[in-house]
Amino acid sequence: MAADKPKRDKRPVALLLPLSGSRAALGLSMRQAALLADSGPEITAYDTGGTAAGAALAAQNALKAKAAMILGPVTAEEASAVTAQAAGRVPVIAFSNNAVVRAPGTFIFGITPSQVTSAILRYARSRGVRNVVVIDDTSPWSAAAALAAGRIQGEIGIDVRVVTVTPGQPLPSAGDAPDAVLLPGSGEAVLAAARNLKATGIQLLGTVQALDHRPAALEALDDAWIASPDPAAFGKFAGEFRARHGGDPGALAALAYDAGAIVKVLREKGALGLAGLLAETSYTCITGNARFRTDGSVARELAILVASPEGYKPVAVSQGA
């Protein structure tokens, strides 16, 4: 005899977004994306105004309304304020990518430097790369990526050397010919390095920040390996979003869509809440299939793309820690 189907969990879920203030357009697109994934009436949006105080008040109101989960807010400062209000009573899926504000019950759902660095270095190691020079341009993203590379080098058996460069200064030579050079950042510094590495036999590695679809950039990045969410999955989501709402969604809208899809999975299983969230081993996500850990971190599968003048081709999937 078949087991009874779980009763649908109809408890409300709160969506905390900046629906007023300077980031109101972003908040609106994220709300539209979340509702595109789970259009049920149980998701209620609360305006944070884009401030920590506004986020704290929104969280208070959501908890008064008996929300079973909180999706959002966007920034690290807002997330800290919401964590203080939630106090572990309900899980918080924050859209920030700042791992510093993670906590038991508060999950950092944004794509983090650690995730993409882990994914690209694990793939590089699987392809025979044994030593990597990481170029830290002192931006917050690059600095965090350099730290992440140092943390995992022993685990995956790769030697990492970090070279710090000052903005505006030329990149130093890579030294004793490493197997690969990782530039976590974006822009002209990455393209300059790509041109300098041509014909050297040194593999260029990049993160999602390096994606650049301009023809000249694609020419320069030819054969670079880049860790990123799968562009094809994002393209399908973007097409659905445009058809429903018009306009082009950004990366944060994709995160909101994924959060809405996670809620839908848990709702159908009658399992909204922390235990249900942690029980699933892999959520299908536009931004990379995800698994939630008890410490507030998220493991995410990322595509490994190879750049060519024609664009970016996925060649593998690698785990981002």
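See the structure shown above.
Quick caveat, the model's predicted, so the values are computed rather than measured.

Quick question: what am I supposed to make of the pairing of strand E6 (residues 131-136) here?
Along a regular strand, successive side chains alternate from one face of the sheet to the other. Judged by how many residues are buried, E6 sits mostly within the fold: five of six residues are covered. Here E6 runs beside strand E7 (residues 159-164); their pairing, made up of six bridges, is parallel. When the sheet's bridge partners are listed, Val132 is paired in E7 with Val160.

Looking at this structure, how should I read the nonpolar core?
One recurring pattern in soluble globular proteins is that nonpolar side chains are buried together. Counting 36 residues, the largest nonpolar core has Leu71, Phe95, Phe109, Phe237, Ile262, Leu277 and Phe292 as the members making the most contacts within it. Among the secondary structure elements, those contributing two or more residues to this core are strand E1 (13-17), helix H1 (24-37), strand E3 (69-71), helix H8 (231-245), helix H9 (251-268) and strand E11 (290-292). For this core, the element with the most residues is H9, which contributes nine residues. Beyond its immediate stretch of four places on either side in the chain, Leu277 contacts Met69, Pro91, Ile93, Phe107, Ile262, Leu266, Ala271, Tyr283 and Phe292. In this structure, Ala119, Tyr123, Ile304 and Val306 belong to the second largest nonpolar core, which totals 25 residues.

What exactly am I supposed to notice about the environment of Leu36 here?
With respect to the helices and strands, Leu36 occurs in helix H1. Assessed through its relative accessible area of 17%, Leu36 is described here as buried. Distance in space between the C-alpha atoms of Leu36 and Phe237 is 9.6 Å, their sequence separation being 201 residues. The residues contacting Leu36, other than those within four sequence positions of it, are Phe237, Glu240, Phe241, Arg244 and Tyr257.

Looking at this structure, I do not really get the sheet that holds E3. What am I missing?
The pairing of strands in a sheet happens through backbone hydrogen bonds and is either parallel or antiparallel. One open sheet holds the five strands; their spatial order is E2-E1-E3-E4-E5, and the pairing between them is parallel. The two strands at the open ends of the sheet, each matched to only one other strand, are strand E2 (43-47) and strand E5 (106-108). If you compare each strand with its neighbour and ignore which way they point, the axes differ by 20° on average. Sitting on the sheet, H1 touches E1 and E2, and the angle it makes with E1 is about 155°. Here helix H2 (residues 52-64) sits on the sheet in contact with E1 and E2, set at roughly 150° to E2.

I would appreciate a short explanation of the side chain of Ser118 in the present structure.
Mapped onto the secondary structure, Ser118 falls in helix H4 (residues 113-126). The buried category is assigned to Ser118, whose relative accessible area is 2%. Residues within four places of Ser118 in sequence aside, it is in contact with Ile152, Gln319, Gly320 and Ala321.

How should I be thinking about the packing of aromatic side chains in this particular structure?
Aromatic rings considered in pairs are described by the distance between their centres and by the relative angle of their planes. Using the criterion set out here, one finds seven aromatic pairs in the structure. On the basis of an interplanar angle of 70° and a centroid distance of 5.8 Å, the ring pair of Phe234 and Phe237 is categorised as edge-to-face. Here Phe234 pairs with Phe237, and both are found in helix H8, just three residues apart, close to one helical turn. In this structure Phe234 comes out as partly exposed when scored by relative accessible area, which is 28%. A residue is classified by how much of its surface remains accessible, and Phe237, at 1% relative accessible area, is buried. Ring centres of Phe237 and Tyr257 lie 5.0 Å apart, and the angle between their planes is 50°; on these two criteria the pair is classed as tilted. Placement of the pair is Phe237 in helix H8 and Tyr257 in helix H9, with a sequence separation of 20 residues.

Calculation criteria
- Residues numbered from 1 in each chain as written.
- Predicted model: local features only at pLDDT ≥ 70, side-chain atom pairs only at ≥ 80, totals over all residues.
- Heavy atoms only, no water.
- Buried < 20%, exposed > 50% of the residue type's maximum accessible area, 1.4 Å probe, protein only.
- Helix = DSSP H or I, 4+ residues; strand = E, 2+ residues; numbered from the N terminus.
- Pairing = 2+ DSSP bridges.
- Core = buried A, V, L, I, M, F, W, Y, C linked by side-chain atoms within 4.5 Å.
- Contact = heavy atoms within 4.5 Å.
- Axes fitted to C-alpha atoms, helices over the stretch in contact; angles between N-to-C directions.
- Phe/Tyr/Trp six-rings, centres within 6.5 Å; stacked < 30°, edge-to-face > 60°.

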